[in-house]
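Chain residues, written in single-letter form:
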Amino acid sequence: MSVVQFDSVSKRYGREIAADSVSLSIPANRTTAIIGPSGSGKSTLLQMINGMVRPDSGGVRVFDAPVDYAELPALRRKIGYAVQGIGLFPHWNVGRNIAILAEMSGWDEARRRDRVRELMALVELPEHYEARHPHELSGGEMQRVGLCRAMMLDPPLFLLDEPFGALDPLTRGEVHREFERIREAGRRTIVLVTHDLHEAQKLADEIVVVNEGRVEQQAETRTILAQPANDFVAGFFRAYEESR
Ligand code: ADP
């Protein structure tokens, strides 16, 4: 079963082609990594899933229905979205930053507080951080707050755009382990954008390689390295290995 389907989707920005007739299915209850060079259209694909970007042509289906651009808030309540350097509200404390979607959905305060504490424990943020403001957090802690916010309503679908990008290697390892725990805490579909092949290999069941707005290959993580579909994919993997 697939949770997201792109059917011949194209999107241009002026002369830049961000998506070039993309057809793609994202399987349910698995982690799919979208990898490719910078500017290849990874974020655009992700943002077409939650309707932040509307295709020029072609169709995007999410949860078995075409994206309804008149009803995006309802769709977004079912989609957790975390992006690198996610805009935490600087004048709100951590607790409120995490709880914002629940607040907008009318949860009462006690229910919000319980959920915030549960999530902070999951990502190992000490409880008293709830009262801190974003400027009192390290980069890694901010990323964790962003992940908590994305998880607040326990959505069945997560979109993560380079969520570990700004982290130093040590913190990144820690947050990766938390990611694994989150994944194990319930069945969910995760779409992870990264330019880091190693990260994709470590975290994803399936990998989609994009280049210049086109899907070059989609395959199981455990087979893709051994079976690149074309010269671009083989060259991308090789360049990655050589740069390490
Ligand atoms: P990636 O995530 O792989 O780095 P993006 O999806 O962000 O790639 O961008 C794909 C292409 O579309 C790039 O050439 C980028 O410059 C262009 N692009 C993306 N968003 C915009 C925008 N809002 N306005 C103009 N060009 C954009």
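It should be emphasised that the depicted structure is a prediction, and the values quoted were computed from it without experimental measurement.

Our next topic: the overall build of the chain. Across its full length, the chain carries nine helices and ten strands. Expected size for 244 residues packed as a compact globule is a radius of gyration near 18 Å; at 18 Å, the chain falls within 12% of this value. Expressed along its principal axes, the backbone C-alpha trace of the chain runs to roughly 55 × 45 × 35 Å. Residues classed as buried in the chain amount to 51% of the 244 residues present. Considering only contacts within the chain whose residues lie at least 6 apart along the sequence, 66% involve residues at least 24 apart. Roughly 11,700 Å² of accessible area belongs to the chain as shown, and the carbon and sulfur atoms make up 48% of that amount.

Turning to the pairing of strand E2 (residues 16–27), a few remarks are in order. Bridge analysis of strand E1 (residues 2–13) against E2 gives eight bridges, and the strand direction is antiparallel. The residue bridging Lys11 from the neighbouring strand is Ala19, located in E2. The turn joining E1 and E2, which pair antiparallel and follow one another in sequence, is formed by two residues; a positive phi near 60 degrees is taken by Gly14.

In this section: helix H9 (residues 231–242). Look at H9: 16 Å from first C-alpha to last across twelve residues, which is about the 16 Å you get at 1.5 Å a residue. Looking only at H9, the buried set comprises Val233, Phe236, Phe237 and Tyr240. An end-on view of H9 places all buried positions within 95 degrees of arc, on one side of the element. Pointing more than 90 degrees away from the buried face of H9 are the exposed residues Asp231, Arg238 and Glu242. For H9, the elements touching its buried residues are strand E3 (31–35), helix H7 (197–203), strand E9 (206–211), strand E10 (214–220) and helix H8 (221–224). At the N-terminal boundary of H9, the capping side chain belongs to Asn230, with an oxygen 3.1 Å from the backbone nitrogen of Phe232.

Counting residues in each nonpolar core, the largest one holds 30 residues, and the members touching the most others are Ile98, Met120, Val145, Met152, Leu160 and Phe164. Every element with two or more residues in this core is listed here: helix H3 (94–104), helix H4 (109–122), helix H5 (139–151), strand E7 (157–161), helix H6 (169–184) and strand E8 (189–193). No other element matches the five residues that H5 contributes to this core.

This part covers the sheet that holds E8. The strand order across the open sheet built from six strands is E6-E7-E8-E3-E9-E10, with neighbouring strands paired in mixed fashion. Edge strands, defined here as strands with exactly one partner in the open sheet, are strand E6 (79–83) and E10. For this sheet the average axis-to-axis angle between neighbouring strands, irrespective of direction, equals 15 degrees. As paired strands, E6 and E7 are joined by five bridges and run parallel to one another. Directly across from Val83, in E7, lies its bridge partner Asp161.

Now for the site of the ligand. Around the ligand, the surrounding shell consists of Tyr13, Glu16, Ala18, Pro37, Ser38, Gly39, Ser40, Gly41, Lys42, Ser43 and Thr44. Here an oxygen atom of the ligand sits 2.8 Å away from a polar atom, N or O, in the side chain of Lys42. Separating an oxygen atom of the ligand from a side-chain N or O atom of Thr44 is a distance of 2.6 Å. Protein contacts shield 61% of the accessible area of the ligand, which totals 550 Å² for the unbound molecule. For the shell around the ligand, the element with the highest residue contribution is helix H1 (residues 42–49), accounting for three residues. Of the residues in the shell around the ligand, the class split is three nonpolar, six polar and two charged.

Another aspect to go through is H5. Taking 1.5 Å as the rise per residue, H5 with 13 residues should run 18 Å; its terminal C-alpha atoms sit 19 Å apart, in good agreement. Of the positions making up H5, those classed as buried are Gly140, Glu141, Gln143, Arg144, Val145, Gly146, Leu147, Cys148, Arg149, Ala150 and Met151. The secondary structure elements touched by the buried residues of H5 are E6, H3, H4, E7 and H6.

Note on placement: Thr189 falls in strand E8. Not counting residues within four places of it along the chain, the set of residues in contact with Thr189 comprises Val3, Ile26, Pro27, Ala28, Asn29, Arg30, Pro156, Leu157 and Phe158.

Time to look at the pattern of salt bridges. If you walk through the whole model with that rule in mind, you get eleven salt bridges. With a closest N to O distance of 3.7 Å, Arg214 and Asp20 form a salt bridge. Linking Arg214 in strand E10 with Asp20 in strand E2, this pair joins segments that are 194 residues apart in sequence. Arg214 sits in the partly exposed class, given a relative accessible area of 34%. Residue class for Asp20 comes out partly exposed when judged on its relative accessible area of 28%. As a salt-bridge pair, Glu220 and Arg30 come within 3.2 Å of each other at their nearest N and O atoms. Separated by 190 residues along the polypeptide, Glu220 in strand E10 and Arg30 in the loop between E2 and E3 bring together distant segments of the chain. One continuous salt-bridge network, built from bridges that share partners, spans Arg30, Glu206, Glu220 and Arg222.

Conventions we followed
Going along each chain's sequence as written, the residues are numbered from 1 onward. For this predicted model, a pLDDT threshold of at least 70 governs which residues receive local features, and a threshold of 80 or more governs which side-chain atom pairs are given and counted, while totals over whole chains, interfaces and linings are taken from all residues. To get the side-chain values, take all heavy atoms of the structure and skip hydrogens and water. Counting from the N terminus, the helices are the DSSP runs of H or I reaching at least four residues and the strands are the DSSP runs of E reaching at least two. The globule rule is 2.2 Å times the number of residues to the power 0.38, and the radius of gyration it is compared with is taken over C-alpha atoms. The classification of residues rests on relative accessible area computed with a 1.4 Å probe and restricted to protein chains. Under 20% of the type maximum is buried, over 50% is exposed, and intermediate values are partly exposed. Working rule for contacts: check all heavy atoms of both residues, and any pair within 4.5 Å makes them a contact. Note that accessible areas follow from Shrake-Rupley with a 1.4 Å probe, and for residues the cover is restricted to the protein chains shown. Pairs of strands are assigned from DSSP output, requiring at least two bridges between the strands. An expected span of 1.5 Å times one less than the residue number is assigned to each helix. The directions from the helix axis to the C-beta atoms form the arc being described. In protein, a polar contact requires one atom able to donate a hydrogen and another able to accept it; more generally it is a pair of N or O atoms within 3.5 Å, and residues adjacent in sequence count only if both atoms are side-chain atoms. Joining through side-chain atoms within 4.5 Å is the link that ties buried Ala, Val, Leu, Ile, Met, Phe, Trp, Tyr and Cys residues into a set, and such a set is a nonpolar core. For every element, the axis is a line fit to its C-alpha atoms; helices are fit only across the contacting stretch, and the angle between N-to-C directions ranges from 0 to 180 degrees. If a single non-hydrogen atom of a residue is within 4 Å of a molecule or strand, that residue counts as near it. Lys, Arg, Asp and Glu make up the charged group, whereas Ala, Val, Leu, Ile, Met, Phe, Trp, Tyr, Cys and Pro make up the nonpolar group; the residues left over, Gly among them, are polar. Salt bridge, as applied in this entry: a Lys or Arg side-chain nitrogen positioned within 4 Å of an Asp or Glu carboxyl oxygen.

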